[in-house]
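The lines below spell out each chain.
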Amino acid sequence: MKASDMEKKKVYIETYGCQMNVNDTEVMLSILEDAGYEPAETMEEADVILANTCSIRENAEQRVWGRIDRFRLEKKKRGGVIIGITGCMAERLKDKLLDNHVVDLVAGPDSYRSLPEMLRNVSPDNPQINVLLSHEETYADIVPVRTDKNGVSAYISIMRGCNNACSYCVVPYTRGAERSRDPKTILREAEDLFSRGYREVCLLGQNVDSYFWEDPESADGNVNFAQLLEAVAKISPDLRVRFSTSHPKDISDEVIYTMAMYENICRHIHLPVQSGSDVMLEKMRRKYTREWYLERVRKIRSVIPDCGLTTDVIAGFCSETEEDHKATLSLMEEVGFDSAFMFQYSERPGTLAARKYPDDVPEETKTRRLNEIIALQSRMSLLSNEKDVGKTFRVLTEGTSKKSEGELFGRTSSNKVCVFPAEGHGKGEYLEVEVVSCTSATLIAKLKQH
Ligand code: SAH
Ligand code: SF4
Ligand code: F3S
């Protein structure tokens, strides 16, 4: 055998989309490492170039098309390179991605165990595709290869898929039916991370509140999300626990009380509202009303007064009126979110909204409304941060700040980013800091002297 045959093939994966996709990339790397591949830092050194993609909005897909062009250039330059699309776009577009030999391999979110085999068989004349969705696959036994680089905070997927049918959303089509992962494997993964020096885990699911593990032996072994959260929190008081995403219709009092009971469960809930108008919420099939949402917020704040609250908002959904839009602004003002992800509605082919409701809010109106939402949120974020000036927080440091080597950054329990002078400290430490000033995005602090 020639020496070159012994060399490991290198795989480069570029990741788009949500935290769950980031974690899926880590799962893929683990599967591929077991099959003898080695991760590549850049596409120029890779034998296999994969894009793990997102379909949530049209511009997310547009970005990937741009990258595919770039990958193809690389393939032309070097030959022999394999290009693959994985994730949500692979699932949505299926064999259309193989037309005109655009890519060599298409692998949907539930097919990653077959990647090594697909890569063994692939050639320009023999493109590979696996877009089967599964009712069982949770990759429960796979130990993800961490790509976080900081060694402090890691994602753990606790479930896959989504059983909701929000009318605008492509996720149920690209990720399939909801299934929960065996809690034993989740705990094992969290314990393992803690023993390797990690100090924070973020439990991921499209709707974590509907996590449910049914024990076939006895109902005593059944585990809901609050119980899972508690079990992870009990691993160590020095292991912080976060989670995302909570659904306003499903977040239970039990979860809120469990958060209050354990200091290491971070005081932060990401609770996407989407719209403040009942007419829009109904059309979006979110299955809650504005009043229900506000009641959940009141409940959270009555039990956990210092709880950080963040949200997602969609501007310009089908037939949204000026009045609907104003209702979103007034809800945002009423709640006073700490931060928000804000989007302009993007019609996704095949969704209920695309089939049933015309995408009739003019582009300029969508943009104007989105800008009003962003402007309001940035005022609210600043207000929220200003309230923290003078307060002391325990932050977990994640690394040196982007701006200066002499500064560290970390997060408060409420998930606010905090920057402060390092003074000899490093990442992965819990430090007490006092906030001295802020911007709308960051708390600026100093170390508390003991
Ligand atoms: N499971 C989460 C959200 C996942 S998608 C939840 O239900 O809250 C993340 C965010 O993308 C959504 O909260 C929504 O605000 C936004 N989004 C989803 N589909 C969209 C679309 N078609 N156009 C614009 N934004 C969209
Ligand atoms: Fe999409 Fe709704 Fe499921 Fe979230 S809950 S992933 S918005 S369908
Ligand atoms: Fe995007 Fe798929 Fe996540 S569509 S947001 S990568 S579940």
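Residues numbered from 1 in each chain as written. Chains lettered and ligands numbered in written order. Predicted model: local features only at pLDDT ≥ 70, side-chain atom pairs only at ≥ 80, totals over all residues. Heavy atoms only, no water.

(A) Expanded view of the nonpolar core. Ranked by internal contacts, the top residues of the largest apolar core, which has 54 residues, are L203 and F225. For this core, the leading source of residues is helix α8 (residues 225-233), giving six residues. Each of two domains, domain 2 (148-266) and domain 3 (273-386), supplies a minimum of three residues to this core. Core analysis: the next-biggest nonpolar cluster, separate from the first, contains 24 residues, I68, F71, V81 and I83 among them. (Core = buried A, V, L, I, M, F, W, Y, C linked by side-chain atoms within 4.5 Å. Buried < 20%, exposed > 50% of the residue type's maximum accessible area, 1.4 Å probe, protein only. Helix = DSSP H or I, 4+ residues; strand = E, 2+ residues; numbered from the N terminus. Domains from an automatic or database assignment.)

(B) View of the sheet that holds strand β21 (residues 443-447). Read around the barrel, five strands follow the order β17-β18-β19-β21-β20 and close on themselves; strand pairing throughout is mixed. For this sheet, the mean angle separating the axes of adjacent strands, direction not counted, is 50°. Taken together, the five bridges between strand β17 (residues 392-400) and strand β20 (residues 430-438) define a ladder with antiparallel strand orientation. Considered in β20, the bridge of V395 is made with L431. (Pairing = 2+ DSSP bridges. Axes fitted to C-alpha atoms, helices over the stretch in contact; angles between N-to-C directions.)

(C) Layout of the packing of aromatic side chains. For the coordinates displayed, the defined rule picks out six aromatic pairs. Summarising the aromatic geometry, the rings of Y112 and Y139 are spaced 5.9 Å apart at their centres and angled 15° between planes, so their arrangement reads as stacked. Taken as a pair, Y112 in the loop between β5 (105-107) and α5 (115-121) and Y139 in the loop between β6 (128-130) and β7 (153-157) lie far apart in primary sequence, 27 residues in all. Comparing Y112 with Y139, the two get one shared label, buried. Measuring from ring centre to ring centre gives 4.9 Å for F317 and Y345, while their planes differ by 85°; the resulting arrangement is edge-to-face. Taken together, the residues F317 in the loop between β15 (308-315) and α12 (322-335) and Y345 in the loop between β16 (339-344) and α13 (352-356) connect sequence positions 28 residues apart. Here F317 and Y345 have matching classes, each one buried. An aromatic cluster is present here, built from Y168, F317 and Y345 joined pairwise through their rings. Lying across the ring of Y357, K283 places its NZ or CZ 4.8 Å from the centre. (Phe/Tyr/Trp six-rings, centres within 6.5 Å; stacked < 30°, edge-to-face > 60°. Lys NZ or Arg CZ within 6 Å of the ring centre and 35° of its normal.)

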